[in-house]
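Examination of the molecular architecture
Here is how the chains run, residue by residue.
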Amino acid sequence: MNVSRALRVTAFAIAAFVSGQALAAGGPALVVEVESGRVLHAERATDPWYPASITKLMTAYVALDKVKRGQLSMDTLLTVPDSAAALPPSKMGFKPGTQIRLDNALKIMLVKSANDIAATIAENIGGSIDGFAALMNAHAQRLGMVSSHFANPHGLPDERNQTTARDMAVLARALLTEFPEYQDLFHIGAVQFGRRIMRNTNGLIGRYPGADGMKTGFICSSGFNVVASATRDGRHLITVVLGAPSANERTMKAAELFDRGFNSKVNFTNPELAALPASANATPPDMRSVICDRRGPMPQEEDTPVVAEEDSNIPNLFSSEVMAFAGDTQKPARTVLGPRTAVQPERVWIGLNPPSEAELAAQAAAEEAAEKARLSKKKATTSKKKASKQAAKDPDVTPVIEEGDKTKGKGRVSVTVKPVSGNTKATDQKPAAKSKAQKADASSKAKSATN
């Protein structure tokens, strides 16, 4: 496990160097103490970066600010617009016109990272995506996020979206200090809608002791990002990791940074967030070539199941052990991450009031029927593909979809076998008889011509 991990990370670092992105041993990283605002560790913390779905933290900030000002409430109904329903996954897939309470929308957005729900929040609050983006950028400037710009509420690819590790730490600290009554929104392990149970994409929750938020993000151009918070012995820390090569590496690096942070002491030598020097880079690097344009399966946003790793002498290029940690020279005891602990999912629903038991049963039945229909359609599609492949292998076999069954996805497949020899199609007896007559007539004409 450790050897393969070291090889993966080494390959990533080499590929990043070769690609000209100037990504030495990983992306930006930062650890800050919530109470004092002092920085415990900063590595390229002001380099511009594509935020991906950690953008949704700003979407949550705008919504919670509206609630705090009395302009909205947590049970305000939001309507899913056509444009939101058309967005790509991750999404809930609600039909346009569906109504959902703000609190349920925030839970789904922060746990499942649903893009359609983020857009629903945005368009209902800002009137449009552009209108909501203007609110996001106004709050960013007011908070001191001087290197951030948001073009949408979900973080889907847009070259205008950019942030820094420092700015995301500023935002995370504002969320925790300005809205303490809503901190639980960022700590939900899983949500349940009908029969669907969706766990939090943050791999630290339920695995790292004291982890209590916040949000992950991934697009090919950004790599794997996380803004995380954890509490231990009365200390509350925020860790930001940007540009990790995988979800697992993102989680492990964040855990190691937390370990270092909790074993460090804050004093006057630790700078404040605003004092971090500006980056010489003007634009975010594009990580696509080292994250997605490579062999193997497409990277996934969630952690893959892993077994606890033992300590090893193999260096981890993404570990904080190779970083200069402010005010700390000792190697801390490392927290070994095991499997996630089981959590009780929080139920979410559409509409104003939670569904009754009868409504839940009806919803479960409808979801089960939809799942069966989906599987049936998938099976029929697979059968068609197999028939097409067989036809491609054997040119004498032609797939024919019969017209007898017009039900969608249930067309029967039969084959028509061409004759091995001869130029005439022998599909029934009448053509064969006709052929014999033609031969007799031809023979008679031949004799006549000879005479």
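Residues numbered from 1 in each chain as written. Predicted model: local features only at pLDDT ≥ 70, side-chain atom pairs only at ≥ 80, totals over all residues. Heavy atoms only, no water.

This part covers the overall build of the protein chain. Helix and strand content of the protein chain: eleven helices and twelve strands. Taking all 451 residues of the protein chain together, 47% fall into the buried category. A separation threshold of at least 6 residues defines the contact pool for the protein chain, and within that pool the share at least 24 residues apart is 70%. Of the accessible surface of the protein chain, which amounts to about 22800 Å², a share of 54% is contributed by carbon and sulfur atoms. (Helix = DSSP H or I, 4+ residues; strand = E, 2+ residues; numbered from the N terminus. Buried < 20%, exposed > 50% of the residue type's maximum accessible area, 1.4 Å probe, protein only. Contact = heavy atoms within 4.5 Å. Areas by Shrake-Rupley, 256 points an atom, 1.4 Å probe, with all protein chains shown as cover.)

Where like charges cluster on the molecular surface, the positive patch consists of Lys 385, Lys 386, Lys 389 and Lys 393. Considering the arrangement of structural elements, one finds Lys 385 in helix H10 (residues 357-393). Residue classification places Lys 385 among the exposed positions, given a relative accessible area of 53%. (Patch = residues over 30% accessible without salt bridge, like charges linked within 9 Å, V, L, I, M, F, W, Y side chains within 5 Å. Salt bridge = Lys/Arg side-chain N within 4 Å of Asp/Glu carboxyl O. Lys, Arg positive; Asp, Glu negative; His and termini not counted. Charge placed at Lys NZ, Arg CZ, Asp CG, Glu CD.)

Turning our eyes to something else, we now look at the state of the cysteines. Summed over all chains, the structure comprises one disulfide. A sulfur-sulfur distance of 2.0 Å marks the disulfide that ties Cys 220 to Cys 292. As the torsion about the S-S bond is roughly -90°, the Cys 220-Cys 292 disulfide counts as left-handed. Taken together, the residues Cys 220 in the loop between strand E7 (211-219) and strand E8 (223-232) and Cys 292 in the loop between helix H9 (288-291) and strand E10 (346-347) connect sequence positions 72 residues apart. For Cys 292, a relative accessible area of 12% translates into the label buried. (Disulfide = S-S within 2.5 Å.)

It is worth spelling out the confidence of the model for the protein chain at this point. In low-pLDDT segments, the atomic positions of the prediction should not be examined closely. This prediction gives the protein chain a mean pLDDT of 82; 73% of its residues lie at or above 70. pLDDT under 50 marks residues 11-25. Its contacts with residues more than four places away, or in other chains, come to 26 contacts. Within the model, the stretch residues 305-327 combines pLDDT values under 50 with 59 contacts to residues more than four positions away or in other chains. (pLDDT = per-residue confidence, 0-100.)

The next subject is the packing of aromatic side chains. Here the structure, examined in full by the defined rule, presents five aromatic pairs. Aromatic side chains Phe 258 and Phe 262 sit 6.1 Å apart centroid to centroid with 20° between the ring planes, which places their arrangement in the stacked category. Taken together, the residues span about one helical turn, with Phe 258 and Phe 262 both in helix H8 (residues 247-262) at a distance of four residues. Note on Phe 262: relative accessible area 12%, which makes it buried. One aromatic cluster in this structure is built from Tyr 208, Phe 258 and Phe 262. (Phe/Tyr/Trp six-rings, centres within 6.5 Å; stacked < 30°, edge-to-face > 60°.)

With that settled, the discussion passes to the sheet that holds strand E6 (residues 196-199). Pairing in this open sheet of three strands is mixed, and the strands run E6-E5-E10 from one edge to the other. At either margin of the open sheet sits one strand with a lone partner, and together these are E6 and E10. Both strand E5 (residues 190-193) and E6 contribute to a ladder of four bridges, which runs antiparallel. Residue pairing across strands places Val 191 opposite Met 198, the latter belonging to E6. On the sheet, helix H4 (residues 102-112) packs against E5, E6 and E10 and is oriented at approximately 60° with respect to E6. (Pairing = 2+ DSSP bridges. Axes fitted to C-alpha atoms, helices over the stretch in contact; angles between N-to-C directions.)

Attention now goes to H8. Taking 1.5 Å per residue as the helical rise, H8 with its 16 residues ought to reach 22 Å, and the 23 Å between its terminal C-alpha atoms agrees with that figure. Among the 16 residues in H8, 16 count as buried, and that is most of the element. (Expected span 1.5 Å × (residues − 1).)

What follows concerns the environment of Pro 28. One can find Pro 28 in the loop between helix H1 (2-18) and strand E1 (29-33). In this structure Pro 28 comes out as buried when scored by relative accessible area, which is 0%. Spatially, the C-alpha atom of Pro 28 lies 6.1 Å from that of Val 241, the residues being 213 residues apart in sequence. What Pro 28 contacts, discounting residues up to four positions off in sequence, is Glu 43, Arg 44, Asp 47, Trp 49, Ala 165, Val 240, Val 241, Leu 242 and Lys 253.

The buried fraction of E1 amounts to five of the five residues, a majority that puts the element mostly inside the structure. With burial as the criterion, each face of E1 is covered, one bearing Ala 29, Val 31 and Glu 33 and the other bearing Leu 30 and Val 32. Taken together, the four bridges between E1 and strand E2 (residues 39-43) define a ladder with antiparallel strand orientation. Residue pairing for E2: Val 31 is matched across the bridge by His 41. Hairpin connection between E1 and E2: a loop of five residues separates the two successive antiparallel strands, and Gly 37 in this loop has a positive phi of roughly 75°.

So, about the nonpolar core. Membership of the largest hydrophobic core comes to 97 residues, with the highest contact counts inside it found for Met 58, Leu 106 and Ile 121. In terms of residues, this core owes the most to one element, helix H7 (residues 165-178), which gives nine residues. Excluding residues within four positions of it along the chain, Leu 106 makes contact with Ala 60, Ala 63, Leu 64, Met 74, Ile 121 and Leu 185. (Core = buried A, V, L, I, M, F, W, Y, C linked by side-chain atoms within 4.5 Å.)

Moving on, we come to the sheet that holds E1. Strands sit in the order E2-E1-E9-E8-E7 across an open sheet of five strands; the sheet is antiparallel. Pairing within the sheet leaves two strands with one partner each, and these edge strands are E2 and E7. Across the sheet, the mean angle separating the axes of adjacent strands is 10° when strand polarity is ignored. Relative to strand E9 (residues 235-244), E8 is paired through eight bridges, and the arrangement is antiparallel. Within E9, the position partnered with Val 226 by the bridge is Val 241. The strands touched by H7 are E1, E7, E8 and E9; relative to E9, the strand with the most contacts, the crossing angle is about 145°.

Let us now look at the packing of helix H2 (residues 56-68) against H4. Across the interface, H2 lies against H4 with an axial gap of 11 Å and an inter-helix angle of 165°. For the element pair H2 / H4, the angle class is roughly antiparallel. Both H2 and H4 take part in a crossing whose hand is left-handed. Facing H2, whose interface residues are Lys 56, Leu 57, Thr 59, Ala 60, Ala 63, Leu 64 and Val 67, H4 presents Leu 102, Leu 106, Met 109 and Leu 110. Counted by class, the contact of H2 with H4 contains nine nonpolar, one polar and one charged residues. (Parallel < 35°, antiparallel > 145°, perpendicular 65-115°, else oblique. Left-handed = near helix turned anticlockwise from the far one by under 90°. Nonpolar A, V, L, I, M, F, W, Y, C, P; charged D, E, K, R; others polar.)

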